[in-house]
Amino acid sequence: MCAVRAVALARCFGGAVDFQRGRWSSAEQKLRESVQLYRSIGGAFGEAIALQRLGVLLTARGDVAGALGVIDEGVVAGDRAVLRSHCLTRLFAARARNRLAAGDHRGAAESIRAGEETGSRHARCVTCNALLLPEIVRVALGQGDGKRARVAADELGRVAAQYGSRAWRAMAWQSEARVEARSATGTERALDRFESAAALYEEIDYPYEVARCRLAQSELLRARGDDVRAATLHQVASGILAALGAAGIEH
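Predicted model only: the values in this text are computed from it and were never measured.

1. Digging into the packing of aromatic side chains
Phase 1 of the analysis: Across all of its chains, the model carries six aromatic pairs by this definition.
Phase 2 of the analysis: On the numbers, 5.8 Å between centres and 65° between planes, the contact of Tyr 163 with Trp 168 is edge-to-face.
Phase 3 of the analysis: Among the aromatic residues, ring-to-ring pairing joins Phe 19, Trp 24, Tyr 201, Tyr 206 and Tyr 208 into one connected group.
Phase 4 of the analysis: Seen from the ring of Phe 13, Arg 53 lies directly overhead, with NZ or CZ sitting 5.0 Å from the centre.

As structure tokens, this is what we get:
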């Protein structure tokens, strides 16, 4: 039908699904095509969302610098979009994730601050904020602020329960596990929550997030001296990452 906007939308969602299911080359191709199609019709909102998803993909692949450039392009597009706050909240969440992968904790904290300020200036979108909350947990833990991390993890848990999304429920358990892992007596609960999250990610066919959970479990087990189980889970995570073509992992 030559409906460019519809094709751009289909490519964007197709790329998101391919990323989740581990078809990363196809995902990148579709997302880049979506960006170009949206640019050709001046669709700033769609362009920004496609760039956000592409930035997350490139970060997962280990192309941290390339991903940051893509995310920053998305911020420029999002700033002129009609639904500005929706774009920017997602993009700042992606930037925080990228900065954590680069070891730039100050940059990650600045991105979280920008995302929260964007939300406070507009009616907070539950869906967009749900993508920011896991990164708030990670940044807060990096700053030693366990209280803030727990508040964010609890909020994500409430949202996941309210909307019934399996992906959000897995994200919530993953975030809760990260918080518990930093507490003095939370190792067993953290391992349990990572296990629940990994099982749910497997259910919805999200191998990269399975690997992030397995690697986190491996580190917890190694820290308490359970080297055999730690090695097994590390091998599982490494196998998934190798199959995906991930250069590293920002767990």
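2. Concerning the layout of surface pockets
Phase 1 of the analysis: Counted as a void, the largest pocket has a volume near 760 Å³.
Phase 2 of the analysis: Lining the largest pocket we find 26 residues, and of these Phe 19, Gln 52, Leu 131, Met 171 and Tyr 206 sit closest to its centre.
Phase 3 of the analysis: Elements represented by at least two residues in the lining of the largest pocket include exactly helix H1 (4-20), helix H3 (44-61), helix H5 (84-101), helix H7 (126-142), helix H9 (166-181) and helix H11 (207-223).
Phase 4 of the analysis: Counted by class, the lining of the largest pocket contains 14 nonpolar, five polar and seven charged residues.

3. Re the nonpolar core
Phase 1 of the analysis: In this structure, Phe 19, Trp 24, Leu 57, Leu 91, Val 137, Tyr 201 and Tyr 208 are the most contacted members of the largest nonpolar core, which totals 78 residues.
Phase 2 of the analysis: Considering each element in turn, this core owes the most residues, ten residues, to H3.

4. Details of the packing of H11 against helix H12 (residues 227-244)
Phase 1 of the analysis: At a closest axis distance of 8 Å, the pairing of H11 and H12 adopts a crossing angle of 155°. One way to sum up the angle between H11 and H12 is to call them roughly antiparallel. The two elements H11 and H12 meet at a crossing, and its hand is left-handed. On H12, the residues that touch Pro 207, Tyr 208, Val 210, Ala 211, Arg 214, Leu 215, Gln 217, Ser 218, Leu 221 and Arg 222 of H11 are Asp 227, Arg 229, Ala 230, Ala 231, Leu 233, His 234, Val 236, Ala 237, Ile 240, Leu 241 and Leu 244.
Phase 2 of the analysis: Classifying every residue of the contact of H11 with H12 gives 14 nonpolar, three polar and four charged.

5. Some words on H11
Phase 1 of the analysis: Taking 1.5 Å of rise per residue, 17 residues should cover 24 Å, and H11 covers 24 Å from first to last C-alpha, within 8% of that figure.
Phase 2 of the analysis: Within H11, 14 of the 17 residues are buried, which leaves the element mostly enclosed by the surrounding structure.
Phase 3 of the analysis: Residue Gly 225 follows H11 closely and has a positive phi angle near 90°.

Calculation criteria
Residues numbered from 1 in each chain as written. Predicted model: local features only at pLDDT ≥ 70, side-chain atom pairs only at ≥ 80, totals over all residues. Heavy atoms only, no water. Phe/Tyr/Trp six-rings, centres within 6.5 Å; stacked < 30°, edge-to-face > 60°. Lys NZ or Arg CZ within 6 Å of the ring centre and 35° of its normal. 1 Å grid on protein atoms, 1.4 Å probe; cavity = no way out; pocket = protein on both sides within 12 Å on 5 of 7 lines; lining within 4 Å. Points joined across faces, edges and corners; volume = space filled by probe spheres on them. Helix = DSSP H or I, 4+ residues; strand = E, 2+ residues; numbered from the N terminus. Nonpolar A, V, L, I, M, F, W, Y, C, P; charged D, E, K, R; others polar. Core = buried A, V, L, I, M, F, W, Y, C linked by side-chain atoms within 4.5 Å. Buried < 20%, exposed > 50% of the residue type's maximum accessible area, 1.4 Å probe, protein only. Axes fitted to C-alpha atoms, helices over the stretch in contact; angles between N-to-C directions. Parallel < 35°, antiparallel > 145°, perpendicular 65-115°, else oblique. Left-handed = near helix turned anticlockwise from the far one by under 90°. Contact = heavy atoms within 4.5 Å. Expected span 1.5 Å × (residues − 1).

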